[in-house]
Amino acid sequence: MLKEYLENREREVVDIMMALYDEEEIMRSYVRSEVQEAVQEAVQEAVQEAVQETMQKENIAFAKRMLKRGKLSIEEIAEDTNLSVETILQLQEQDNLQSV
């Protein structure tokens, strides 16, 4: 009896099955795109953090060289390196400790 019903409604059954398949495919596609977007955002954040860390290290190295030369004030070095006065003072203290 079910066989006869399905044979009589074959087109309707096929349409329903195709709609279900399409919904599943759409959902898989959506999930793939969301995952890809999340990965791209994570990579961009990691690159940005790495660049900022590298710039910070370069600024610290530059500040250390400027401190050794002794020609600029702490405030001027902080301004030129975009580091805080506190950071420059810490670098100066570290350099003094290493010199002893």
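Everything below is about the structure printed above this text.
Residues numbered from 1 in each chain as written. Predicted model: local features only at pLDDT ≥ 70, side-chain atom pairs only at ≥ 80, totals over all residues. Heavy atoms only, no water.

With reference to specific residues and values, describe the overall build of the chain.
Counting secondary structure elements, the chain contains 4 helices and 0 strands. Against the globule reference of 13 Å for 100 residues, the chain gives a C-alpha radius of gyration of 32 Å, more extended than a compact globule. Taking the principal axes of its C-alpha atoms as reference, the chain extends roughly 100 × 25 × 15 Å. Looking at the chain as a whole, 10% of its 100 residues qualify as buried. Contacts spanning at least 24 positions in sequence make up 24% of the contacts within the chain whose residues lie at least 6 apart. Measuring between centres, the 11 positive side-chain charges of the chain sit 8 Å from its 23 negative side-chain charges. (Helix = DSSP H or I, 4+ residues; strand = E, 2+ residues; numbered from the N terminus. Rg over C-alpha atoms; globule rule 2.2 N^0.38 Å. Buried < 20%, exposed > 50% of the residue type's maximum accessible area, 1.4 Å probe, protein only. Contact = heavy atoms within 4.5 Å. Lys, Arg positive; Asp, Glu negative; His and termini not counted. Charge placed at Lys NZ, Arg CZ, Asp CG, Glu CD.)

Give a description of a nonpolar patch on the surface that names residues and reports values.
Together, Met27, Tyr30, Val31, Val35, Val39, Val43, Val47, Val51 and Met55 line one region of the surface with nonpolar side chains, adding up to about 820 Å² of accessible area. Topologically, valine 39 is positioned in helix α2 (residues 10-69). (Patch = residues over 30% accessible without salt bridge, like charges linked within 9 Å, V, L, I, M, F, W, Y side chains within 5 Å. Areas by Shrake-Rupley, 256 points an atom, 1.4 Å probe, with all protein chains shown as cover. Salt bridge = Lys/Arg side-chain N within 4 Å of Asp/Glu carboxyl O.)

Before we move on, can you summarise α2 with the specific residues and values?
Its 60 residues place the ends of α2 88 Å apart at the C-alpha level, agreeing with the 88 Å of an ideal helix rising 1.5 Å per residue. For α2, every residue scored as buried is listed here: Ala63, Met66 and Leu67. Phi turns positive one or two residues past the end of α2, at glycine 70, with a value near 70°. (Expected span 1.5 Å × (residues − 1).)

Could you give an account of the pattern of salt bridges, naming the residues involved and the relevant values?
According to the stated counting rule, one finds 5 salt bridges in the structure shown. Residues joined in a network through salt bridges with shared partners are Glu25, Arg28 and Arg32.

So what's going on with the environment of lysine 68? Which residues, and what values?
One can find lysine 68 in helix α2. A residue is classified by how much of its surface remains accessible, and lysine 68, at 63% relative accessible area, is exposed. The spatial distance from the C-alpha of lysine 68 to the C-alpha of arginine 32 is 54 Å, given a sequence separation of 36 residues.

Describe unusual backbone geometry, with residues and values.
We note that asparagine 82 has phi near 60°; this positive angle belongs to a residue other than glycine. For asparagine 82, a relative accessible area of 68% puts it in the exposed group.

Describe in detail the packing of α2 against helix α3 (residues 74-81), supporting the description with residues and values.
Direction vectors running N to C along α2 and α3 enclose 150°, while the axes themselves pass 10 Å from each other. When the axis of α2 is compared with that of α3, the two are roughly antiparallel. In the packing of α2 onto α3, the handedness of the crossing is right-handed. For the pair α2 and α3, contact is made by Asn59, Phe62, Ala63, Met66 and Leu67 and by Ile74, Ile77, Asp80 and Thr81, respectively. Tallied by class, the residues present in the contact of α2 with α3 amount to 6 nonpolar, 2 polar and 1 charged. (Axes fitted to C-alpha atoms, helices over the stretch in contact; angles between N-to-C directions. Parallel < 35°, antiparallel > 145°, perpendicular 65-115°, else oblique. Left-handed = near helix turned anticlockwise from the far one by under 90°. Nonpolar A, V, L, I, M, F, W, Y, C, P; charged D, E, K, R; others polar.)

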